[in-house]
Each structure stands twice: as structure tokens, then as C-alpha cells.
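# Understanding the architecture of this molecule
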Amino acid sequence: MTNTPEPTDKRWRPVENAMRRNGYQAGGLIEALHAVQRSYGYIDETAMRTIAAALTLPLSKVYGVATFYHFFHLKPKGRHTCVVCLGTACYIKGADQLLQETARNYGIKPGETSADGYLSLLTARCVGACGQAPAVVVDERVLGQADTVSLADYLGQLPRGDNGENRQAEGQPTTDAGANPITRTDANPATANGVNPATTAVTEPGGRPTNGQGETP
Ligand code: FES
């Protein structure tokens, strides 16, 4: 998406619906941004400008919210997404080494996508799988007790031609179950209350949205 969303662009309809549902009020901003990301995979400047105009908000406000939350992407993601949890439980079990090694293997920094578009490397504070620390989420699949060798092996064997959904549909493990020390959880990395910190804005008791770390935009 590089130009103003066309009225005929079906991908924009969920965004329009989200804004309409909220009466084109500013309070519907996060929902609208979520809708853009679901439809397009990322949020570009055109989408931000269009939403800002529709909700009568300054572009700076929309940009500020879109960049504040880790789960919003402003650039297209790679075919596969690797989210290394840097929450306390994972960090003390070596998550930082997983992050550094993966970044080195793909020649990228956290938050970047490899030059061939194969992998996006992201971080999260807690993906709700502390009992399996260190945990990594690859294409929404939780890999527990990850180590640098098994994670590199797993990532290296992901399909090159799609976003990993085929693998999931086929139910294929990437390596022999007996040989791979990574344990997999196919459910979404939701916390005990069913909230997925990777995709859901957190609301403080006072009603102000936060990024899950007690910070507000
Ligand atoms: S700290 Fe990593 S899953 Fe909770």
C-alpha cells in the first residue's frame, strides 16, 4: 500500500468498519490500527494519514501510537517472524544469547528483516510461556527451552516460499522430535487470562492504554 487506499480496496473495508463502529472517535484509533495491520501486514504512512483524517486526529498522534506499541509494524514483515522473549524468566535462562546469535546469523538487528525477506527478528517482554523459558515465538508457534543450536536449526528449515502457514497446516515439525530439544506449543502465546501480549493493547485500571510495561503513549 503506497497510495491513498482505494475505495475499491477490499482490504481497507475492515479499517473503515472499525472506525465507523467507534463513531469515528479518537478512542477507536488502536482498533483501526489493528485492522490495518491485519489487512496489510503493516501500517504505512498512507494508512496513518487516512486514519488521522477520518478520526480528526493529528498525524503525530497516530504516528506516536503506532510506534509506541511493539506489536505494530511500520514495514512489511518477513516471510517468517521470530520473536525472542526478553522477559525476566527467559532472560536469566539465556534469551539474550538467542537474540544475539539469531541476529548474527541473519545479519540483522532486533526489529529488522533480513535482506532476502526471509525472517523478521523481534523481541517481547513476556509471551506468557515463562514455564518454558527461554521461549521464542516463530510464526505464532511457541518454542520452549530453546537454545542457540536448536533455534538456528528450526529457523533454517522453515519454508522459503510462504509465511509458514503451510508448515502449520501440514503439522510438520522442523526437526526430529527426538533430536530437537525445543518443545513446541501450537496454541497462541496467550497469558493465563487469554490475553496475547503480542497483539493486544493493555489497559490500565484507569482506562489508559499502555504497552504492557506500564507506559502510555
Ligand atoms: S518471561 Fe519469557 S515467557 Fe514470560
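In this report, the structure presented in the accompanying data block is examined. Model, not experiment: these values are computed from the prediction.

Definitions and cut-offs
Residues numbered from 1 in each chain as written. Predicted model: local features only at pLDDT ≥ 70, side-chain atom pairs only at ≥ 80, totals over all residues. Heavy atoms only, no water. Buried < 20%, exposed > 50% of the residue type's maximum accessible area, 1.4 Å probe, protein only. Helix = DSSP H or I, 4+ residues; strand = E, 2+ residues; numbered from the N terminus. Arc of directions from axis to C-beta. Salt bridge = Lys/Arg side-chain N within 4 Å of Asp/Glu carboxyl O.

## Topic: helix α1 (residues 13-21)
Among the residues of α1, those classed as buried are V15, A18 and M19. Each buried residue of α1 lies within a common arc of 95° when the element is viewed along its axis, so the set occupies one face. Of the residues one or two after α1, G23 is the one with positive phi, at around 65°.

## Remarks on the pattern of salt bridges
Taken as a whole, this structure holds 5 salt bridges when the rule is applied. Of the charged contacts, one joins D9 and R11 as a salt bridge, the two residues approaching to 3.3 Å between their closest N and O atoms. A salt bridge links D116 to R160; its shortest N-O distance comes to 3.4 Å. On the criterion of sequence distance, the pair formed by D116 in the loop between α6 (95-106) and β2 (119-124) and R160 in the loop between α7 (148-156) and α8 (165-170) is long-range, its members being 44 residues apart. Since its relative accessible area comes to 45%, D116 is described here as partly exposed.

## Here's the deal with the environment of A115
By the element assignment, A115 lies in the loop between α6 and β2. Taking relative accessible area as the criterion, A115 reaches 88% and is therefore assigned exposed. Along the sequence, A115 and G78 sit 37 residues apart, while their C-alpha atoms lie 9.2 Å from each other.

## A short note on unusual backbone geometry
The residue after A133, namely P134, is reached through a cis peptide bond having omega -5°. Tracing the sequence through the fold places P134 in the loop between β2 and β3 (136-138). Of note in this structure, T56 is not a glycine but carries a positive phi near 55°. Looking at the element boundaries, T56 is found in the loop between α3 (45-54) and α4 (59-68). With relative accessibility at 69%, the residue T56 sits in the exposed group. The phi torsion at Q145 lies on the positive side, around 50°, for a residue other than glycine. Looking at the secondary structure, you find Q145 in the loop between β4 (141-144) and α7.

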